[in-house]
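Chain by chain, the residues:
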Amino acid sequence: MSKLIKAAWILAALPLVIGVGIFVAWLVTRAFWLMYAGMLTIYAGVASVFLAIVCVIAAIIIAKMQKESPRRRVSHHVLGVLILVISNFIAAGVCVVAVVVIQTRYTITVVNQSDQPLQDVSVLGGGVHAYLGDIPPGGTASDSFWIGSDGELVLTATHGSDNIDTIVDDYVTNGMGADLHVTLDKAGEVSAD
């Protein structure tokens, strides 16, 4: 295998390995800086893939000029590198779409710390109607959704003889994701963070 083909393999494999590694690390940690590292890897990966293609073209030209060179082995390596190049773009696209889908998902968790059940818990607004059902004392319920429009999120429920109707997020918009924790404390007060 020529040095050009080895360089092409490395240049084509490096962005794929680094990019997938960054994506997996982001899935585990959700560290914001990893999204920037992923974007930088995409830009550097495009340059790396371009250099890999240049190496492949140079290897093909050299193989054609050398009549004794085993062209068949070169063509197998060229095909492998090209498949790896295409895999880079597919993996980058999948990672970007996955990040967008995850980051734009809104998750609400309701915790009932009171001594009475929280009944018919719903979250309304922003094009959303999420029904969380009944939450027993000490219980938790959560739901995830995508915000459909601008607005505010309102939590409605029944707590004993009281009706709860409170704003838990004063502004949401399409494409906005968040993790919101709503707590009903022992005194029956609702807090959101």
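Please read all numbers here as calculations on a predicted model, not as lab measurements.

S.K.: Can you help me understand helix α1 (residues 3-29) in this one?
M.R.: With 27 residues, α1 should cover 39 Å at 1.5 Å per step; its first-to-last C-alpha distance of 38 Å lies within 8% of that length. The largest bend in α1 is about 25°, located at Ala 13, with the proline Pro 15 one to four residues further on. Residues Ile 5, Ala 8, Ala 12, Pro 15, Gly 19, Ile 22, Phe 23 and Trp 26 constitute the buried set of α1. Looking one or two residues beyond α1, the residue adopting positive phi is Arg 30, at roughly 55°.

S.K.: What exactly am I supposed to notice about the packing of aromatic side chains here?
M.R.: To describe a pair of aromatic rings, you give the distance between the ring centres and the angle between the ring planes. According to the stated counting rule, one finds three aromatic pairs in the structure shown. With a centroid separation of 6.3 Å and 25° between ring planes, the pair formed by Phe 23 and Trp 26 is classed as stacked. Here Phe 23 and its partner Trp 26 are both found in helix α1, three residues apart, which amounts to about one turn of the helix. Across the pair, exposure class does not vary: Phe 23 and Trp 26 are buried alike. Ring geometry for Tyr 106 against Phe 145: centres 5.6 Å apart, planes inclined by 15°, an arrangement best described as stacked. Here the residue Tyr 106 occupies a position in strand β1 (residues 105-112), and Phe 145 occupies one in strand β4 (residues 140-146), the gap between them amounting to 39 residues. Note on Phe 145: relative accessible area 8%, which makes it buried. The ring of Trp 26 carries the charged tip of Arg 30 above its face, separated from the ring centre by 4.9 Å. Sitting over the ring of Trp 146, Arg 105 keeps its end group 4.1 Å from the ring centre.

S.K.: For this particular structure, what's the right way to read the sheet that holds strand β7 (residues 178-184)?
M.R.: Sheets are built from strands that pair by backbone hydrogen bonding, the pairs being arranged parallel or antiparallel. Taken in spatial order, the four strands of this open sheet run β4-β1-β7-β8, and their pairing is mixed. Edge strands, defined here as strands with exactly one partner in the open sheet, are β4 and β8 (190-192). Across the sheet, the mean angle from the axis of one strand to that of its neighbour is 15°, orientation sign disregarded. Pairing geometry for β1 and β7, over seven bridges, is parallel. Note that in β7 the partner of Ile 108 across the bridge is Leu 180.

S.K.: What is the right way to look at the side chain of Thr 41 in this model?
M.R.: Take Thr 41: it is sitting in helix α2 (residues 32-65). Overall, Thr 41 belongs to the buried group, its relative accessible area being 14%. One polar contact links the side chain of Thr 41 to the main-chain carbonyl oxygen of Ala 37, over a distance of 2.7 Å. Setting aside its immediate chain neighbours within four residues, Thr 41 contacts Pro 15, Ile 18, Gly 19 and Ile 22.

S.K.: Honestly, the environment of Leu 51 in this entry has me stumped. Any pointers?
M.R.: Locating Leu 51 in the fold gives a position in helix α2. Between the C-alpha atoms of Leu 51 and Leu 11, which are 40 residues apart in sequence, the distance is 7.0 Å.

S.K.: What am I meant to see in the nonpolar core here?
M.R.: Counting 22 residues, the largest nonpolar core has Ile 108, Val 110, Leu 118, Val 121, Val 123, Phe 145 and Leu 153 as its most contacted members. With four residues, strand β3 (residues 128-135) is the largest single contributor of residues to this core. In this structure Val 121 touches Val 110, Ala 130, Tyr 131, Leu 132, Gly 133, Ile 135, Leu 155, Thr 156 and Ala 157, once residues within four positions along its chain are discounted. Counting 12 residues, the second largest nonpolar core, distinct from the first, contains Ala 8, Val 49, Val 81 and Leu 84.

S.K.: For this particular structure, what's the right way to read the pairing of strand β2 (residues 118-125)?
M.R.: Where a strand is regular, its side chains alternate between the two sheet faces. Sheet topology places β2 next to β3; six bridges connect them, and they run antiparallel. Within β3, the residue paired with Val 123 across the bridge is Ala 130. Counting the residues in the hairpin turn of β2 and β3 gives two residues, including Gly 126, whose phi is positive at 60°. Examined bridge by bridge, β2 and strand β5 (residues 151-159) share five bridges and lie antiparallel to one another. Bridging across to β5, Ser 122 finds its partner in Thr 156.

Rules used in this analysis
- Residues numbered from 1 in each chain as written.
- Predicted model: local features only at pLDDT ≥ 70, side-chain atom pairs only at ≥ 80, totals over all residues.
- Heavy atoms only, no water.
- Helix = DSSP H or I, 4+ residues; strand = E, 2+ residues; numbered from the N terminus.
- Expected span 1.5 Å × (residues − 1).
- Bend = angle between axes of the 7 residues up to and from the residue.
- Buried < 20%, exposed > 50% of the residue type's maximum accessible area, 1.4 Å probe, protein only.
- Phe/Tyr/Trp six-rings, centres within 6.5 Å; stacked < 30°, edge-to-face > 60°.
- Lys NZ or Arg CZ within 6 Å of the ring centre and 35° of its normal.
- Pairing = 2+ DSSP bridges.
- Axes fitted to C-alpha atoms, helices over the stretch in contact; angles between N-to-C directions.
- Polar contact = N/O pair within 3.5 Å; in protein donor to acceptor, adjacent residues only side chain to side chain.
- Contact = heavy atoms within 4.5 Å.
- Core = buried A, V, L, I, M, F, W, Y, C linked by side-chain atoms within 4.5 Å.

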